[in-house]
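Structural characterization, general
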Amino acid sequence: MSFFNSLGRSMTRGQRPKRSPTPTSATFPPTDTVSQNGAPPSPTVTAPKPLYLCSPFVEAALVKGNFKTIVMLPKYVDIMEWVAVNIFDFYTHLNEFYGVITECCTQQNCPTMSAGLTLNYTWINQDRKSVHLPAPTYIDYVMTWVQNLLDDENSFPTKSGQEFSPSFPSTVKHVYRQLLRVFAHIYHAHYTHLLHLRSEPHFNSLFAHFLAFGREYELLEVKDVKGSASAPVGVGLLWEKWKDMGLLEG
Ligand SMILES: [Zn+2]
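What counts, and at which threshold
Residues numbered from 1 in each chain as written. Predicted model: local features only at pLDDT ≥ 70, side-chain atom pairs only at ≥ 80, totals over all residues. Axes fitted to C-alpha atoms, helices over the stretch in contact; angles between N-to-C directions. Helix = DSSP H or I, 4+ residues; strand = E, 2+ residues; numbered from the N terminus. Left-handed = near helix turned anticlockwise from the far one by under 90°. Contact = placed C-beta atoms within 7 Å. Nonpolar A, V, L, I, M, F, W, Y, C, P; charged D, E, K, R; others polar. Expected span 1.5 Å × (residues − 1). Buried ≥ 20, exposed ≤ 12 C-beta atoms within 10 Å, placed from the backbone. Core = buried A, V, L, I, M, F, W, Y, C linked by C-beta atoms within 7 Å. UniProt positions renumbered as here; feature names shortened; annotations may be inferred. pLDDT = per-residue confidence, 0-100.

**Looking at the packing of helix H3 (residues 79-101) against helix H4 (residues 135-151)**
Close contact between H3 and H4 brings their axes to 11 Å; oriented N to C, the two are set at 145 degrees. Judged by the sense of rotation from one axis to the other, the crossing of H3 with H4 is left-handed. In contact with Phe88, Tyr91, Asn95 and Tyr98 of H3, H4 contributes Ile139, Met143, Val146 and Leu150. Looking at the contact of H3 with H4 residue by residue, the classes come out as seven nonpolar, one polar and no charged.

**Some points on H4**
The end-to-end C-alpha distance of H4, which contains 17 residues, comes to 24 Å, matching closely the 24 Å that a straight helix rising 1.5 Å per residue would cover. If you check which residues of H4 are buried, you get Ala135, Pro136, Tyr138, Ile139, Tyr141, Val142, Trp145, Val146 and Leu149. Those residues of H4 that are buried are in contact with H3, strand E2 (113-116), strand E3 (119-121), strand E4 (123-124) and helix H5 (168-196).

**Thoughts on the nonpolar core**
Counting 60 residues, the largest nonpolar core has Leu94, Tyr138, Leu179, Phe183 and Ala208 as its most contacted members. Of all elements in the fold, only H3, E2, E3, H4, H5, helix H6 (200-216) and helix H8 (234-244) reach the threshold of two or more residues within this core. Broken down by element, the residue count for this core peaks at 14 residues, all from H5. With near-sequence residues (within four places) excluded, leucine 94 lies in contact with Leu179, Val182, Phe183 and Leu206.

**Some words on the UniProt feature "binding site: Zn(2+)" (unreviewed entry) in the protein**
Under the UniProt annotation, "binding site: Zn(2+)" (unreviewed entry) lies at Cys105, Cys110, His185 and His190. Across 86 residues of sequence, these annotated residues stay compact in space, with a maximum C-alpha separation of 9.8 Å. Looking at where cysteine 105 falls in the secondary structure, it is placed in the loop between H3 and E2. Once residues within four sequence positions are removed from consideration, cysteine 105 is found in contact with Cys110, Ala135, Pro136 and His190. Along the chain, the position of histidine 185 falls in helix H5. Under the C-beta neighbour-count criterion, histidine 185 is labelled buried, with 28 such atoms within 10 Å. Among residues more than four places away in sequence, those in contact with histidine 185 are Met113, Ser114, Ala115, Ala135 and Ile139.

**Observations concerning the environment of glutamine 108**
Note on placement: glutamine 108 falls in the loop between H3 and E2. For glutamine 108, a count of 7 C-beta atoms within 10 Å translates into the label exposed.

**A closer look at the confidence of the model for the protein**
Across the protein, the average pLDDT comes to 83, with 81% of residues at 70 or higher. Note on residues 1-28: pLDDT under 50 across the span, and 49 contacts to partners over four residues away in sequence or across chains.

**A look at the packing of H4 against H5**
H5 packs onto H4 with a crossing angle of 145 degrees between their chain directions and a minimal axis gap of 11 Å. Judged by the sense of rotation from one axis to the other, the crossing of H4 with H5 is left-handed. From H4, Ala135, Ile139, Val142, Val146 and Leu149 reach across to H5, where they touch Thr171, Val175, Gln178, Val182, His185 and Ala189. Classifying every residue of the contact of H4 with H5 by side-chain character gives eight nonpolar, three polar and no charged.

Shown next, in the form of structure tokens:
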């Protein structure tokens, strides 16, 4: 959407997200920093194909056909409102999914915020240092931070007549990147749990919707979906696969 993006680009600085209200969460929001997990990947080692890339799971969805139609801006709806309400929905649904797998996502099972064989996201702490956190801690920080933003009338106004802040576009891009990481971790580390719950059609639909919406309104960078050559994001391949299947566009 040219209007939305031109507005985003015209802003010089994004709003600094608020700190979490809990003392244990007193850290800065994470940045793009990605680090590799120990040794570089060996070209001779081939990992088994993740289940989420395998049939029939990769095709499992509640929505048939292309997601483009469900992300289009409805007539007479303000684009900021449309983005805000969709982010609220993505956050709420993702939080619910994470809630049902939370007992599997423990400090022992997930000592890092993994999202690929060689990819572990890092968090920027209050000393501006990039640190590894257990996935449940990382996700708690992200979800608390997003919840606080959503509750903040200055960031996500809900009263009629109240304008969106000029920093809204950059804020939501930041939110989008972090929610993507939560999706990426769940696919990478907990997909079998979703299969046991037979939730894969629901989760696939939510993620495909999230990707389609993010690309439509340029909230999502391709490099964040795919990662780097040495540390690819697992779900980057899923995105490619869904594009091949005609579910998503570039
Ligand atoms: Zn986990």
